[in-house]
Amino acid sequence: MKILLYNPDNGVTRNFMPHLWMFLLQALTPAGHEVLLVDGNAQPMDEAGIAQFVRDNNIGLVGIGAMTRMIAKAYRMADAVRATGVPVVMGGPHVTEMADEALGRDGGPRHADAVALGEADATWPRIVEDAVRGKLNDVYEPVDAFGQESKPSLKEYPVIPWQSIDLKQFNLVPKAATAMLQKIGEGWGSFRIIPVESGRGCPYGCEFCTVTGFFGDSIRFRTNESVVNELLLLKARARTEKGQMAVFFIDDNFAINIKRTKSLLRDIIAAGAQCHWVAQISANLLRDEELVDLIAASGGKWIFIGMESIDPANLKDVNKGFNKPGEYAAVLERLAQRNVYAITSFIFGMDNDTVGAAERTLEQVRTWPPGLPIFGLLTPLPATPLYKRLEKAGRLTRPKHWQEFIPFAMAHTPLKMTIDEAHAEVNYGWAQAYSPEALAHAVDSLNDQPLGYRVNIFIARLCFRGIYFPMMGKMAWVKVIAQNRRTIFKLVREGFKAGAWRGAPARIPGVPVPVVESADAIAQGADG
Ligand code: B12
Ligand code: SF4
């Protein structure tokens, strides 16, 4: 049977990285089936397009995975597939919490023939076999022989065959430039950010986060050997293609067990499996100097830190009191001393936020080493403690906000400001942090560093800007480049002076996250 695994875009912005679930389920599919992958972020498709694809490729089963944010699109695409007579199974965090909605048991239309609840590593092979027999159940639950919930231990992790997977759709280097860029240094003909997990679960239970509920508070890790082998496979592929790749360790809190993380990083170094990587780690775990040394030595370049707020009262409200705003600066300095920088994530619209929260946050951000600040709004995702609290208090203004997805829009009223004021705070945060002046300031603050670091921070900031300011077209890029021309000229001039542009290899230290078009990320602190 031919199976299509499809991940929708959210219809507004695009993602810069493929989704791990697709590769994982592909690797877990029983032998004898062919699995095709389509990520709507890389290969945009509409309803007619997916129906045509399913017919043209003689697909027998479609699997769709989606977060809450893109569930409306996922349902529309599922409806289009089902209209061709092909069954659809849906999985992922949203339908796990809202299975009745997907199955049309809540009075609405049915969108899926079957729903896979929770982690589907063990249920997926069963789903495929049932689909072959034409006997899909409505719901697949990960339970053991006694009906108890069972979570994959990750000790037996499948080998994802990165050496042979078709990754064309995920290359961030424009096609026109591939041939030329292949010749630069070790080769830049391709650049991909590949998701790798080393463990699952986070016990912290922040109020707005689905992770503790979904993956459970029991943390599970892959073996170091299996992670190291995966990195070696990825490095080998990049080498043969004369391209580059970076890894995004998608663990929610990569250092949740510091001893284990240190041992993994040591093994990566010992095996020569270092690569440029990004990971999410909570600030409290970055107090450890040895850990930060190992992060730098193993190739860690960007750490995503869910700071959420600089106001301890807000942090306490959302059960994230373990974040100590007083230590943010020291944590960032500790990273910057090793040339590791941070993606700092903030949430506005929290209950103790008042007008001016964004400027107060930026005042602090400006005193920190340069990084990539991102701003979002507190969003009640289904089944989170936050959702339940706001629902009970009658504060949800759009209880089914996902059915009509609006980016950067609140679904409840904060206590100390209006919804419009909260929106204005987010707008202000992005506009100020990514203004030409702020970009110039970030570059200048690294004046004592080699040119490559300054180029790195500049490119990373320009690309990250696309999370909020959609830069989908050429004209949008031209405008951004014109606005930042002074900084660009300055960097180019310095490059000529230093001879950096003469003769390759010009290897930029550190991986900018080159969100080629518009990237959507992270705007509500899912980290660590
Ligand atoms: C990496 C990541 C991202 C990446 C993008 C996704 C990517 N390209 O990988 C980035 C950083 C860009 C991102 C952005 C956002 N993310 Co995010 N992200 C994650 C993260 C950390 C890892 C995802 C992952 O690969 N997990 C590991 C895989 C193995 O797990 P999985 O995807 O759940 O898949 C398993 C099952 O769900 C199931 N399954 C999944 N799909 C399917 C499909 C079928 C057919 C079947 C059968 C089974 C199945 O089987 C898989 C194996 O067991 C998760 C948290 C987490 N640990 O999952 C948050 C998470 C998915 N993100 C979340 C959110 C909210 C966002 C943002 C809105 C903002 C934010 N808070 O981060 C944006 C929106 C992005 C957008 N495009 O609109 C939420 C989603 C909650 C929800 N109900 O929707 C999560 C769960 C974190 C949280 N705070 O709660 N994210
Ligand atoms: S926000 Fe981060 S630290 Fe908090 S529960 Fe979610 S993954 Fe864990």
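Details of the structure are given in the entry above.
Residues numbered from 1 in each chain as written. Chains lettered and ligands numbered in written order. Predicted model: local features only at pLDDT ≥ 70, side-chain atom pairs only at ≥ 80, totals over all residues. Heavy atoms only, no water.

**Student:** Just give me the short version of the packing of helix α10 (residues 258-270) against helix α11 (residues 289-297), but keep the residues and values in it.
**Tutor:** Where α10 contacts α11, the two axes come as close as 9 Å, and the packing angle between them is 30°. With respect to α11, the axis of α10 lies roughly parallel. Seen from above, α10 lies across α11 with left-handed handedness. Facing α10, whose interface residues are Thr 261, Lys 262, Leu 265, Arg 266 and Ile 269, α11 presents Glu 290, Leu 291, Leu 294, Ile 295 and Ala 297. Within the contact of α10 with α11, the residues separate by chemical class into 6 nonpolar, 1 polar and 3 charged. (Axes fitted to C-alpha atoms, helices over the stretch in contact; angles between N-to-C directions. Helix = DSSP H or I, 4+ residues; strand = E, 2+ residues; numbered from the N terminus. Parallel < 35°, antiparallel > 145°, perpendicular 65-115°, else oblique. Left-handed = near helix turned anticlockwise from the far one by under 90°. Contact = heavy atoms within 4.5 Å. Nonpolar A, V, L, I, M, F, W, Y, C, P; charged D, E, K, R; others polar.)

**Student:** Outline helix α14 (residues 357-365), listing residues and values.
**Tutor:** Buried within α14 we find Ala 357, Ala 358, Thr 361, Leu 362 and Val 365. Down the axis of α14, the buried set is contained in an arc of 130°. They therefore lie on one face. Contact partners of the buried residues in α14: β13 (341-348), β14 (372-377) and α16 (419-433). (Buried < 20%, exposed > 50% of the residue type's maximum accessible area, 1.4 Å probe, protein only. Arc of directions from axis to C-beta.)

**Student:** Talk me through the site of ligand 1; I want residue IDs and the actual numbers.
**Tutor:** Around ligand 1, a shell composed of 43 residues is seen, among which Thr 68, Arg 69, Asp 121, Thr 210 and Asp 252 lie nearest. Here an oxygen atom of ligand 1 sits 2.7 Å away from a polar atom, N or O, in the main chain of Thr 68. Within the contact set of ligand 1, an oxygen atom lies 2.5 Å away from a side-chain nitrogen or oxygen of Thr 210. Secondary structure elements with two or more residues in the shell around ligand 1: α1 (20-28), β3 (61-65), β4 (88-91) and α8 (211-215). Counting residues per element, the shell around ligand 1 draws most heavily on α1, which supplies 4 residues. Taken together, the residues of the shell around ligand 1 sort by class into 24 nonpolar, 12 polar and 7 charged. (Near = heavy atom within 4 Å. Polar contact = N/O pair within 3.5 Å; in protein donor to acceptor, adjacent residues only side chain to side chain.)

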